[in-house]
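Structural description and commentary
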Amino acid sequence: MTEVLVPDFLPSTRGLHFCNYYPHEPTIQVHLPLGRTIGFGDAANGLCGGMAYVVRDFYEAGRVPPPVIDPPPAGTPLYQFIVQRLLESFSLPFGLARYLELMEPAFPDVGLGFGLPGRASVMLNAEWPRIKADLDAGHPVPLGLIKVKSADPCALCQNHQVLAYGYDISGTDLTLRLYDPNYPNRDDVTLSLSIASPQVAVPLTYNPAEQVYCFFHTAYTFREPPVL
């Protein structure tokens, strides 16, 4: 049994203490290739990526997030910072392509050979080593979660972002420990899978029970959080 935890990090102490739910606000418009436009920032979509990035920002700055228990109102410094970090979490304009690729129904769960990857090899060969290296170095890791298989770009909003802060390995069974903005103050949120082989489909088990098809390491750059 191998257990690695980012030092002095638990969602109950280092996470934001409010849920990823906000009143309806003007939607943030993001322009996609081929002239499509998608909105982020409304209550139906949440600000999960911004919240995950903000939590890591506070951790890397050696500061504890504010103890507020209600989502910050629009226009306040914390709200504006979360929205800013949400947009930066997508690494626009090209970062959304990773979501579109991995949620595409035609993208296989298992590789087709000839160097063509599937979701299993993406997670086990490409993403997990990067995630492990960051966690071993003591850094929480923002993850994109693919929660829908759809060719409709508007379904992007059904995906999710979380922050990994540790892992357990028992044989070939891996469990990632997560801060999930939808479950504030919960230290029991996990994502489990087998890392035995990328040559077979790799089902994911999320706790609390939710459907997740794939995960990947998102591109994080530190930003100093505001003094609140």
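Being a predicted model, the structure only gives us computed values, none of them experimental. The numbering scheme is per chain: residues are counted from 1 as the chain's sequence reads. Selection of residues for local features in this predicted model requires a pLDDT of at least 70, selection of side-chain atom pairs for listing and counting requires 80 or more, and totals for whole chains, interfaces and linings are taken over all residues. With hydrogens and water excluded, all non-hydrogen atoms of the structure serve as input to the side-chain values.

**A look at the pattern of salt bridges**
Quick note on the threshold: In what follows, salt bridge is the name for a side-chain nitrogen of Lys or Arg lying within 4 Å of a carboxyl oxygen of Asp or Glu. A helix here means a DSSP run of H or I that spans at least four residues, while a strand means a run of E at least two residues long, and both kinds are numbered starting from the N terminus.
Inspection of the entire model under this criterion finds 16 salt bridges. The salt bridge partner of Asp109 is Lys149, with a shortest N-O separation of 3.2 Å. In this pair, Asp109 is assigned in the loop between helix H4 (96-103) and helix H5 (119-136) and Lys149 in the loop between strand S4 (141-146) and strand S5 (160-170), connecting sequence segments 40 residues apart. Look at the salt bridges and you will find they share partners, linking Asp57, Arg85, Glu88 and Arg223 into a network.

**Brief notes about H5**
Put simply, the rule is: For a helix, the expected span equals 1.5 Å multiplied by the residue count minus one. To sort residues, take the accessible area from a 1.4 Å probe on protein chains only and compare it with the maximum for the residue type: under 20% means buried, over 50% means exposed, and anything in between is partly exposed.
Under the 1.5 Å per step criterion, the end-to-end length of H5 is 24 Å for 18 residues, consistent within 8% with the ideal 26 Å. Those residues of H5 not exposed but buried are Arg119, Ala120, Ser121, Val122, Met123, Leu124, Glu127, Trp128, Ile131 and Leu135. Gly138 occupies a position one or two residues after H5 and carries a positive phi of about 90 degrees.

**So, the packing of helix H2 (residues 48-60) against helix H3 (residues 77-89)**
A pair of packed helices can be characterised by two numbers: the angle between their axes and the separation between those axes. Test applied: Only the stretch in contact is used when a helix axis is fitted, and all axes are lines through C-alpha atoms; the angle between N-to-C directions ranges over 0 to 180 degrees. Angular relationships are summarised with four words: roughly parallel below 35 degrees, roughly antiparallel beyond 145, roughly perpendicular across 65 to 115, and oblique for the angles in between. Residue contacts follow a heavy-atom distance rule, with two residues in contact if any of their heavy atoms lie within 4.5 Å. When residue character is reported, Ala, Val, Leu, Ile, Met, Phe, Trp, Tyr, Cys and Pro are called nonpolar, Asp, Glu, Lys and Arg charged, and the others, Gly included, polar.
Remark: H2 packs on H3, axes separated minimally by 7 Å, with the N-to-C direction vectors making an angle of 105 degrees. The pairing of H2 with H3 is recorded here as roughly perpendicular in orientation. Within the contact between the two elements, H2 uses Gly49, Gly50, Met51, Tyr53, Val54 and Asp57 and H3 uses Phe81, Ile82, Arg85, Leu86 and Ser89. Looking at side-chain class alone, the contact of H2 with H3 contains six nonpolar, three polar and two charged residues.

**Focus: the packing of H4 against H5**
In contact at an axis separation of 10 Å, H4 and H5 are set at 135 degrees when each is read in the N-to-C sense. When the axes of H4 and H5 are compared, the pair comes out oblique. For the pair H4 and H5, contact is made by Arg98, Leu102 and Met103 and by Arg119, Val122 and Glu127, respectively. Of the residues assigned to the contact of H4 with H5, the class counts are three nonpolar, no polar and three charged.

**Section: the packing of aromatic side chains**
This is how it is decided: Centres within 6.5 Å make a pair out of two Phe, Tyr or Trp rings, where for Trp the six-membered ring is used; the pair is then stacked when the planes are under 30 degrees apart, edge-to-face when over 60, and tilted otherwise.
Within the structure shown, the criterion is met by six aromatic pairs. Measuring from ring centre to ring centre gives 5.6 Å for Phe9 and Tyr59, while their planes differ by 70 degrees; the resulting arrangement is edge-to-face. Residue Phe9 is located in the loop between strand S1 (2-5) and helix H1 (11-14), and its partner Tyr59 is located in helix H2; the two are separated by 50 residues in the primary sequence. Taking the relative accessible area as the measure of exposure, Phe9 reaches 4% and is therefore buried. Assessed through its relative accessible area of 14%, Tyr59 is described here as buried. Taken together, a centroid distance of 5.3 Å and an interplanar angle of 35 degrees make the contact between Phe9 and Tyr165 tilted. Within this pair, whereas Phe9 is found in the loop between S1 and H1, its partner Tyr165 is found in strand S5, the two being separated by 156 residues in sequence. Each of the two residues, Phe9 as well as Tyr165, counts as buried. Aromatic rings pair up to connect Phe9, Tyr59 and Tyr165 into one cluster.

Limitation: the analysis is restricted to geometry and does not speak to function.
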